[in-house]
Amino acid sequence: MFESTTRRRTVEVQDATEFLHGFFEENPRLREDREKRIRFVAEEIERTGTYRHTKRELVWGARAAWRNASKCIGRFYWQSLHVRDRRDLRTGEEIAEQCFEHLRSSWRGGRLRPMITIFAPDTPDGPTARILNDQLVRYAGYEAADGTLIGDGQYLEITRLAESLGWRGSGGRFDVLPLLVETGEGLSAHQLPTDALKEVEIVHPEFSWFSELGLRWHAIPTQADMTLEVGGVHYGAAPFNGWYLSTEIGARNLVDRHRYDVLPEIGRRMRLDMSSERTLWRDRAMIELNRAVLHSYDSQGVTITDHHTESRRFIEFVEREERSGRTCPADWSWIVPPVSGGLTPVYHRYYDEAELCPRFVRDPGRSST
Ligand code: ARG
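Residues numbered from 1 in each chain as written. Predicted model: local features only at pLDDT ≥ 70, side-chain atom pairs only at ≥ 80, totals over all residues. Heavy atoms only, no water.

On to the sheet that holds strand β11 (residues 226-230), then. Strands pair in a sheet through their backbones, by hydrogen bonds, and they do so in one of two ways: parallel or antiparallel. Spatial strand order, β12-β11-β16: three strands in an open sheet with antiparallel pairing. Only two strands of the sheet have a single neighbouring strand rather than two, namely β12 (233-235) and β16 (359-362). The average angle at which neighbouring strand axes cross in this sheet is 35°, direction not considered. (Pairing = 2+ DSSP bridges. Helix = DSSP H or I, 4+ residues; strand = E, 2+ residues; numbered from the N terminus. Axes fitted to C-alpha atoms, helices over the stretch in contact; angles between N-to-C directions.)

Here is the structure:
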């Protein structure tokens, strides 16, 4: 069990103390408790090998982990993260049920709310719970006998794992995978209830044939395979969501060749000259796909942002952080959008590189998306 994850050891008092200093620094109204709290935590670690965060520490820790996520362009909104404290839950059944509740509650009729649900942390004896899917909602991928891919080619492996647990998909392009949860009791698969699943059909503002492509995407990107690390405590199951940036769908998920690879079909339908790369037919098809993604989420009332807006806000966020005297690490290769990079202000500068805590980390052995 928990083969893919490292075993945890006891919490280091120093990690806890550093975290508490940061917490009290930014929460000056609570500062009179500082010395007492630090002593109390050190003693608790001495006795039990770990400690329990207060509600306020947990909320601030989760928000600060978002603020420190150097690959995320959406950090302008870090203070708005809504924290659902579910640290008392640890069975597969309970975790799956609260993940589905997370999706219902962040949906808010389409006005998506950034949210994290935090389950029981790891203990000095080892991991408590892991969600194996990289997000709460993902589409299955199948490889036909002749080698053609059906569905999302990025998820062949987890699809096979779900099948080995008895799950059967329809073999279609957008079969929603069950949630795979690993706990001390073992591995279990949980089908998403229909009321927890929200999707958007992709249509184009002018090309009426676009809907015939049968494309869709899920509304809420909810990362589920990262560990939230706060003051030395590891929350191995802590799914969180914001909202989509259109290029994630229109320049990657539906476009990458090992995933949906839809540009050739769009190019043909647009009657583009596809005889050479130099006609830039791929680029033209991709821009129309991105327009379609934005138009579809907008017209179906689901929050989405675009790379121009989010780049501007990101620069504002960096400047705000610098004014607060904090280091603001960012990874250029993740921040610059995969289309029209040079048209956005994030392209034209470099950023600090640092690994700050609290943070979101992926267990070694897991792939990143
Ligand atoms: N790139 C991932 C996807 O396309 C989502 C990563 C997080 N993105 C976000 N907007 N919160 O599903």
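Continuing now.
As defined by bridge partners, strand β1 (residues 82-86) adjoins strand β2 (residues 115-119) across five bridges and the pair is classed as parallel. Bridging across to β2, V83 finds its partner in I116.

This brings us to the site of the ligand. Around the ligand, the structure places Q135, R138, P221, Q223, W243, Y244, E248 and N253. Contact between the ligand and R138: an oxygen atom at 3.1 Å from a side-chain N or O atom of the residue. One nitrogen or oxygen atom from the side chain of N253 is found 2.8 Å from an oxygen atom belonging to the ligand. Considering the ligand on its own, with 350 Å² of exposed area, one finds that the protein chains cover 75% of that surface. Class assignment for the residues of the shell around the ligand results in three nonpolar, three polar and two charged. (Near = heavy atom within 4 Å. Polar contact = N/O pair within 3.5 Å; in protein donor to acceptor, adjacent residues only side chain to side chain. Areas by Shrake-Rupley, 256 points an atom, 1.4 Å probe, with all protein chains shown as cover. Nonpolar A, V, L, I, M, F, W, Y, C, P; charged D, E, K, R; others polar.)

Among the surface-exposed residues, W332, Y347 and Y350 lie close enough to one another that they form a single nonpolar patch of about 370 Å² accessible area. With respect to the secondary-structure elements, Y347 resides in the loop between α10 (332-335) and β16. On the basis of relative accessible area, Y347 is assigned to the partly exposed category, the value being 38%. (Patch = residues over 30% accessible without salt bridge, like charges linked within 9 Å, V, L, I, M, F, W, Y side chains within 5 Å. Salt bridge = Lys/Arg side-chain N within 4 Å of Asp/Glu carboxyl O. Buried < 20%, exposed > 50% of the residue type's maximum accessible area, 1.4 Å probe, protein only.)

With that out of the way, let us pick up the pattern of salt bridges. Under the counting rule described, the total for this entry stands at 26 salt bridges. The closest approach of N and O atoms between D195 and R104, which form a salt bridge, is 2.9 Å. On the criterion of sequence distance, the pair formed by D195 in the loop between β7 (186-190) and β8 (199-201) and R104 in helix α4 (residues 92-107) is long-range, its members being 91 residues apart. Ionic pairing is found between D134 and R138, a salt bridge with its closest N-O pair at 3.1 Å. As far as the burial class goes, D134 and R138 line up, both buried. One network of salt bridges, in which partners are shared, links E26, R67, E321 and R326.

Now for the pairing of β7. Note that strand β6 (residues 179-183) and β7 share five bridges and pair antiparallel. Residue pairing for β7: V181 is matched across the bridge by S188. Counting the residues that bridge the hairpin from β6 to β7 gives two residues.

Topologically, Q98 is positioned in helix α4. Among the polar contacts listed, one links the side chain of Q98 to the side chain of R84, at a separation of 2.6 Å. Apart from residues no more than four positions distant in its own chain, Q98 is found in contact with R84, R86, L89 and F119. (Contact = heavy atoms within 4.5 Å.)

The terminal C-alpha atoms of helix α2 (residues 34-48), which comprises 15 residues, lie 21 Å apart, in line with the 21 Å expected from a rise of 1.5 Å per residue. All buried positions along α2 are accounted for by R37, I38, V41, E44 and I45. Seen from one end, α2 has its buried residues packed into an arc of 125°, which puts them on one side. Exposed residues lying more than 90 degrees from the buried face of α2 are K36, R39, E46 and R47. In this structure, the buried side of α2 is in contact with α1 (13-26) and α3 (55-67). (Expected span 1.5 Å × (residues − 1). Arc of directions from axis to C-beta.)

This part takes up the nonpolar core. Grouped together as the largest cluster of nonpolar side chains are 52 residues, with contacts concentrated most on F210, L215, W217, I266, L289 and Y297. Contributing elements (two or more residues each) for this core: α4, β3 (129-131), β6, α6 (246-253), α7 (263-269) and α8 (281-299). Here this core gets seven residues from one element, more than from any other, and that element is α8. Once residues lying within four places of it in the same chain are set aside, the contact partners of L289 are F210, L215, G250, L254, V255, V262, L263 and I266. Ranked by size, the runner-up nonpolar core spans 43 residues in total, among them L81, V83, F314 and F360. (Core = buried A, V, L, I, M, F, W, Y, C linked by side-chain atoms within 4.5 Å.)

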